[in-house]
Amino acid sequence: LWPWLLASSGLSALVQLVTLPFFPDSPSYLLIQKGNEEACRKAIRKLWGEGDHQAEIDDIMKEKDAMASTKTLRVLEVIKERSLRWQLYILMTVMTTLQLCGINAVEFEEYLIPYVSLGVGLCECLSSILCSTLIDRFGRKVLLWGGYMLMCSVLALLTMTLSLQHRFFWMHYFSVILIFLFVVFYGIGP
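Residues numbered from 1 in each chain as written. Predicted model: local features only at pLDDT ≥ 70, side-chain atom pairs only at ≥ 80, totals over all residues. Heavy atoms only, no water.

1. Focus on the overall build of the protein chain
Scanning the protein chain for helices and strands turns up 11 helices and 0 strands. From first element to last, N terminus to C terminus, the protein chain shows the α and β order α-α-α-α-α-α-α-α-α-α-α. Relative to a compact globule of 190 residues, whose C-alpha radius of gyration would be 16 Å, the protein chain shows 23 Å and is clearly more extended. Dimensions along the principal axes, computed over C-alpha positions, put the protein chain at roughly 70 × 50 × 30 Å. The proportion of buried residues among the 190 residues of the protein chain is 22%. (Helix = DSSP H or I, 4+ residues; strand = E, 2+ residues; numbered from the N terminus. Rg over C-alpha atoms; globule rule 2.2 N^0.38 Å. Buried < 20%, exposed > 50% of the residue type's maximum accessible area, 1.4 Å probe, protein only.)

2. Here we look at the UniProt feature "transmembrane region" (unreviewed entry) in the protein chain
In the numbering used here, UniProt assigns the feature "transmembrane region" (unreviewed entry) to residues 6-24, 88-106, 112-135, 142-164 and 170-188. Each end of residues 142-164 is marked by a C-alpha atom, and these two atoms are 33 Å apart; helix forms 100% of the span and strand 0%. Span residues 170-188 is 95% helix and 0% strand, its end C-alpha atoms 27 Å apart. (UniProt positions renumbered as here; feature names shortened; annotations may be inferred.)

3. A closer look at the packing of aromatic side chains
Applying the stated criterion across every chain yields a total of 2 aromatic pairs. Each ring, one from W86 and one from Y89, has its centre 5.8 Å from the other, and the planes form 90°; the classification is edge-to-face. With W86 and Y89 both in helix α7 (residues 85-100) and 3 residues apart, the pair spans about one turn of that helix. Residue W86 is classed as exposed on the basis of its relative accessible area of 64%. Between F168 and W170, the aromatic rings sit 5.5 Å apart at their centres with planes inclined by 35°, giving tilted as the arrangement. (Phe/Tyr/Trp six-rings, centres within 6.5 Å; stacked < 30°, edge-to-face > 60°.)

4. Comments concerning the environment of Y29
Inspection of the secondary structure puts Y29 in helix α3 (residues 27-33). Using a relative accessible area of 37% as the deciding quantity, one classes Y29 as partly exposed. The sequence separation of Y29 and S127 amounts to 98 residues, and the corresponding C-alpha distance is 30 Å.

5. Comments concerning the nonpolar core
Core analysis: the biggest nonpolar cluster contains 15 residues, and V154, F182, V183, V184 and F185 have the highest contact counts within it. When contributions to this core are tallied by element, the ones reaching two or more residues are α9 (114-138), α10 (140-164) and α11 (171-188). Considering each element in turn, this core owes the most residues, 6 residues, to α11. In this structure V154 touches L178, L181, F182 and F185, once residues within four positions along its chain are discounted. Judged by nonpolar contacts, the second largest core, of 8 residues, contains L31, I32, A43 and I60. (Core = buried A, V, L, I, M, F, W, Y, C linked by side-chain atoms within 4.5 Å. Contact = heavy atoms within 4.5 Å.)

6. Considerations on the side chain of T161
Turning to its location among the elements, T161 is positioned in helix α10. Apart from residues no more than four positions distant in its own chain, T161 is found in contact with M171, F174, S175 and L178.

Written as C-alpha cells, this is what we have:
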C-alpha cells in the first residue's frame with residue numbers, strides 16, 4: 001500500500017502537466033514583460049469573461065511605470081543602503097531562525113516511518129490552508145511570533161514525551177501527535 005500512496009502524488013503532477021498548456025499566460029506578464037497589449041486583453045477576456053477591463057489594464061500599466069522608475073540594486077548596494085538596514089536585519093533573523101528551528105530534523109526523520117510521512121504531508125497541507133486564512137486576520141508578525149512560541153512549547157513537550165516513552169506505552173503515539181503539531185505550527189508561523 002505504501003508504494004501506491006507515494007506514487008499518488010504523481011497523479012497531481014500529471015494533471016498539471018496535461019492541463020497547464022491550456023491556461024492563459026498572466027495578463028501582467030504579457031503586458032509588462034512582453035509588451036503585448038492585445039495578448040493581455042485576450043488573456044483577461046479568457047480569465048474574466050467579456051466586458052470592459054480597461055481599469056485592470058490601467059492598473060497593470062501603472063505597475064509597469066512604477067517598476068520602470070525603480071532602480072535595481074546590486075547585493076552590495078543593498079547592504080550599504082542605510083534605509084534598508086532594518087529590513088535586512090529582520091530578513092537575516094527570520095532566515096536564521098528558520099534554519100535553526102528543527103524542521104529539518106522532522107523532515108529527515110519522517111521518511112523512516114512511512115505513515116508518519118503521510119501525516120506530515122497532510123499537516124503541511126492543513127497548515128497552508130490555515131495560514132492563508134489567518135494571515136489576513138492577524139498579520140505576518142503575529143503569526144511569526146505565535147508560530148515560534150507554539151513550536152518551542154511543542155519541542156519542550158516532545159522532549160518530555162521522549163524521555164518518558166519507556167514508562168508508558170502510549171507515549172510513542174503522543175510523540176507522533178506532537179510532531180504533527182510542530183509541522184502545523186511551523187507552516188502557520190515561520
